[in-house]
Amino acid sequence: MLNEKMTALGTQRSVIRELFEFGKQEAARIGAENVFDFSIGNPSVPAPACVNETAIKIIKETDPVALHGYTSAQGDAEARSAIAASINRRFGTDYTANNLYLTVGAAAALCCCFHGLCNADDEVIIFAPYFPEYTVFVEGAGAKPVIVPADTSAFQIDFDAFLRALSPATKAVIVNSPNNPSGVVYSEETVCRLADILREKSAEYGHPIYLIADEPYREIVFSGTTVPFLPDYYENTLVCYSWSKSLSLPGERLGYVLVPSKAKDAPLVYAAIAGAGRSLGYVNAPGLFQRVCAACADQTADISIYETNKNLLLHGLRDMGYQVVEPNGTFYMFPQSLEPDDEAFCERAKAHHLLIVPGCGFGCAGHVRISYCVPTERIEKALPAFQKLAEEYRA
C-alpha cells in the first residue's frame, strides 16, 4: 500500500502549475504572443551581471575537486560568514556564521523550521491570503495548519480572528511580507501588535511561540516602502530567505534559515533545524551557489521593471472598474474577481487568453492573483483583454 497523501500530492498538480502548463500548450497552438500568461512567479528580469561573473571566476579559480565537493551540512563557513556580514550591514545586527543554516531555497528553509519545531498535534497559524504550499509543508511535518481569514480591506492582519485562532497548541506563526499573493507589506503598526500578542500568549501558555518570517521578496518593494526586519520586533523570530527572487535565481535553489541568538533556546532550535535537514535528506545546499550568493548578497536584479509593470497594470485595471488593493512589494497583484466565484471568473478569462490564478487556492475566494513578472509588452497587450472581460460582466 502506497502512502495515499503522498500519492495525492504527486498526482494533483497545483492550480498555478496547471495554468502554467496550459499556457505552454496554448502558446504552441496559437503563438506565445497571443497568450497572456500571468500564472507563475518566475522572475522575468535576468540575474545581475555579478552572478555569472562570480560563478565563472569561482569555476576558473577553484580546485576542480573542491569546486563540486560536499560542503558542511549547514553550509560553507566562509559563505555563511559573508552572508551574515551582509545582513549586519543592512540591519545593524551582529550575526555570525553560526546563526545561519543554508538551505535548498526558502521552501527547504520552511520545511526545516516546521520539522524542527513541531511535534504531533502542534498548530501553525497561517494568515490568508497565503502561498498554497504552506499547508503542505506544515502537514508534512505532522502539524496542523490553522488559517486566519484575510482582512480584504487592506490585507493587513485581522487581529480579532488571530486571537481566536491562538491556543496552547500554537507552536508557530508564519508571516509572508511582502506577501504572495497580495503584494502587501505589513506595516510597522501591524508588526508591533503581532509581536505584543505573541509575547503575551507565549507567557500565558508557558512556551515560546515562534514567528517564522518567509521573506523571499524582502528586497522587491516600491516607492520607498520599508519592510520591518522582524527579529528587531520579536525575539523568537526565525527568518527564512531565498535568492530566487532578489537575484532572479529560482532554479538554483539557495536560501537560509536565520536563527537569532536572542531566540529562546537558540542553540537547540538551530540543532533541531539541522536535524530536520538531515532527516529530510538535505545533505547540503548547492555548493557553487553558496559561494556565488554569498559574494552577491548585497546585489539585486533590476527590480525597477516590476514597479513599472505594477503601475501600468494597477492603473489600467482600476480605470476599468476592477477593485485592487495596491501592492507595495513583490510582483503580484490580487484584485477582486468580477463575480463571487473566482474559479468561474478565471475560466471565463481563458476565453480572452488571460491566464490568472483563482484566489481560493490562496485561502481568499473572490480574488485572483496576477503575476506581473512578465515582459512589459505582455501587460500592454493584455489590457484590452482585461477590458473586454470587464465589459462582458457589465453587459
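Preceding this paragraph is the structure being described.
Report on the accompanying structure. Predicted, not measured: the structure shown is a model, and the values here were computed from it.

**Points about the sheet that holds strand S12 (residues 368-371)**
(1) Moving on: The sheet built from three strands is open, its strands ordered S9-S12-S11 with antiparallel pairing. Single-partner strands in this sheet number two, and they are strand S9 (332-333) and strand S11 (357-358).
(2) Moving on: One ladder, built from two bridges, connects S9 with S12; its direction is antiparallel. The partner of Tyr-332 across the bridge, within S12, is Ser-371.

**Thoughts on the sheet that holds strand S3 (residues 123-127)**
(1) Moving on: Taken in spatial order, the seven strands of this open sheet run S2-S8-S7-S6-S5-S3-S4, and their pairing is mixed. The sheet is open, and its two edges are formed by strand S2 (100-103) and strand S4 (144-148), each paired on a single side. Averaged over all neighbouring strand pairs, the angle between strand axes comes to 20 degrees, with direction disregarded.
(2) Moving on: Two strands pair when backbone bridges link them, and strand S6 (residues 210-214) and strand S7 (residues 237-242) are joined in this way by four bridges, in the parallel orientation. Note on S7: the bridge partner recorded for Ala-213 is Val-239.
(3) Moving on: Helix H5 (residues 77-91) rests against S2 and strand S8 (255-258) of the sheet, and its axis sits at about 110 degrees to S2.
(4) Moving on: The strands touched by helix H7 (residues 133-140) are S3, S4, strand S5 (170-176) and S6; relative to S4, the strand with the most contacts, the crossing angle is about 150 degrees.

**What about the pairing of S6?**
(1) Moving on: For S6, the buried fraction is high: five of the five residues fall into the buried class.
(2) Moving on: Residues Tyr-210, Ile-212 and Asp-214 point to one face of S6 and Leu-211 and Ala-213 to the other, with burial holding for every one of them.
(3) Moving on: As judged from the five bridges shared by S5 and S6, these two strands associate in the parallel manner. If you follow Val-175 over to S6, its bridge partner there is Ala-213.
(4) Moving on: Viewed along the sheet, the connection from S5 through helix H9 (residues 188-205) into S6 turns out right-handed.

**Focus: the packing of helix H12 (residues 304-320) against helix H14 (residues 376-394)**
Helix packing for two helices is described by the angle between their axes and how far apart those axes are.
(1) Moving on: Between H12 and H14, the shortest axis-to-axis distance is 10 Å and the interhelical angle comes to 20 degrees. Here H12 is positioned roughly parallel relative to H14, judged by the angle of their axes. The interaxial crossing formed by H12 with H14 has right-handed handedness. Of the residues in H14, those touching H12 at Ile-305, Asn-309, Leu-312, Leu-313, Gly-316, Leu-317 and Met-320 are Thr-376, Ile-379, Glu-380, Leu-383, Phe-386, Gln-387, Ala-390 and Arg-394.
(2) Moving on: Tallied by class, residues from the contact of H12 with H14 come to nine nonpolar, four polar and two charged.

Definitions and cut-offs
- Residues numbered from 1 in each chain as written.
- Predicted model: local features only at pLDDT ≥ 70, side-chain atom pairs only at ≥ 80, totals over all residues.
- Heavy atoms only, no water.
- Pairing = 2+ DSSP bridges.
- Helix = DSSP H or I, 4+ residues; strand = E, 2+ residues; numbered from the N terminus.
- Axes fitted to C-alpha atoms, helices over the stretch in contact; angles between N-to-C directions.
- Contact = heavy atoms within 4.5 Å.
- Buried < 20%, exposed > 50% of the residue type's maximum accessible area, 1.4 Å probe, protein only.
- Right-handed = clockwise from strand over helix to strand, strands pointing away.
- Parallel < 35°, antiparallel > 145°, perpendicular 65-115°, else oblique.
- Left-handed = near helix turned anticlockwise from the far one by under 90°.
- Nonpolar A, V, L, I, M, F, W, Y, C, P; charged D, E, K, R; others polar.

These values are about where atoms sit, not about what they do.
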